[in-house]
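Coordinate inspection notes
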Amino acid sequence: MNKDLAKQKTTSPLVGMQIITAAGELFNHVDEKGPMWYKEGDREVRCQISFAHSFHKPPHIILGVTGIDSSMAQNLRFSLLAEAVTITGFDIVMKTWDDTKIARASVNWSAIGQAAPSSAIRR
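Here's what I pulled together on the structure shown here. (Residues numbered from 1 in each chain as written. Predicted model: local features only at pLDDT ≥ 70, side-chain atom pairs only at ≥ 80, totals over all residues. Heavy atoms only, no water.)

What to know about the side chain of Asp91
On the secondary structure map, Asp91 appears in strand β6 (residues 89-96). Among the polar contacts made by the side chain of Asp91, one reaches the side chain of Arg46 at a distance of 3.1 Å. (Helix = DSSP H or I, 4+ residues; strand = E, 2+ residues; numbered from the N terminus. Polar contact = N/O pair within 3.5 Å; in protein donor to acceptor, adjacent residues only side chain to side chain.)

Shown next, in the form of structure tokens:
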């Protein structure tokens, strides 16, 4: 995991709610000689995210691809998922299959939900 994905920004637009966001490179499999670039078939990259502040209930997760570098010799096939969502974190999972070659990918994410009572803003 790139250290940028761990640099989180927390905001609380409403009392009792919080939004945590981060962005960065998910993987670089050209430099790391990883399977998304050097292998074929079903492959996945899983990145565990721990929230800077806990939520009261598992939050809603929004994921986005902000950059992708792939081979133009094959079709680009991928899915991007949030799995194992809890009050303290979740997993970002990028999957590909067949002969697709993905050199590197960058993502952003947001977790939106009810803040844990100890982190709620008091007005």
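Alright, that's what it looks like, and here's the rest.
Details of the sheet that holds strand β2 (residues 17-28)
Pairing in this open sheet of four strands is antiparallel, and the strands run β1-β2-β7-β4 from one edge to the other. Strand pairing shows two members of the sheet lacking a second neighbour, β1 (9-11) and β4 (60-70), which therefore form its edges. On average, adjacent strands in this sheet sit at an angle of 15 degrees to one another, irrespective of strand direction. Note that β2 and strand β7 (residues 102-114) share 11 bridges and pair antiparallel. Note on β7: the bridge partner recorded for Ala23 is Asn108. (Pairing = 2+ DSSP bridges. Axes fitted to C-alpha atoms, helices over the stretch in contact; angles between N-to-C directions.)

Observations concerning the packing of aromatic side chains
Tallying each qualifying case throughout the model produces four aromatic pairs. Ring centres of Phe51 and Phe55 lie 5.0 Å apart, and the angle between their planes is 75 degrees; on these two criteria the pair is classed as edge-to-face. Owing to a relative accessible area of 1%, Phe55 belongs among the buried residues under this scheme. Centre to centre, the rings of Phe51 and Phe90 are 5.8 Å apart; their planes meet at 35 degrees, and the pair counts as tilted. (Phe/Tyr/Trp six-rings, centres within 6.5 Å; stacked < 30°, edge-to-face > 60°. Buried < 20%, exposed > 50% of the residue type's maximum accessible area, 1.4 Å probe, protein only.)

A short note on the pairing of β6
Of all eight residues in β6, seven are buried; the element is thus mostly enclosed. Taken together, the eight bridges between strand β3 (residues 43-50) and β6 define a ladder with antiparallel strand orientation. What sits directly across from Ile49, in β6, is Phe90. With five bridges joining them, strand β5 (residues 79-83) and β6 adopt antiparallel strand pairing. Looking at β6, one finds that Leu80 is bridged to Met94. Following β5, the chain reverses through five residues before pairing antiparallel with β6; Ala84 in that reversal takes a positive phi of roughly 55 degrees.

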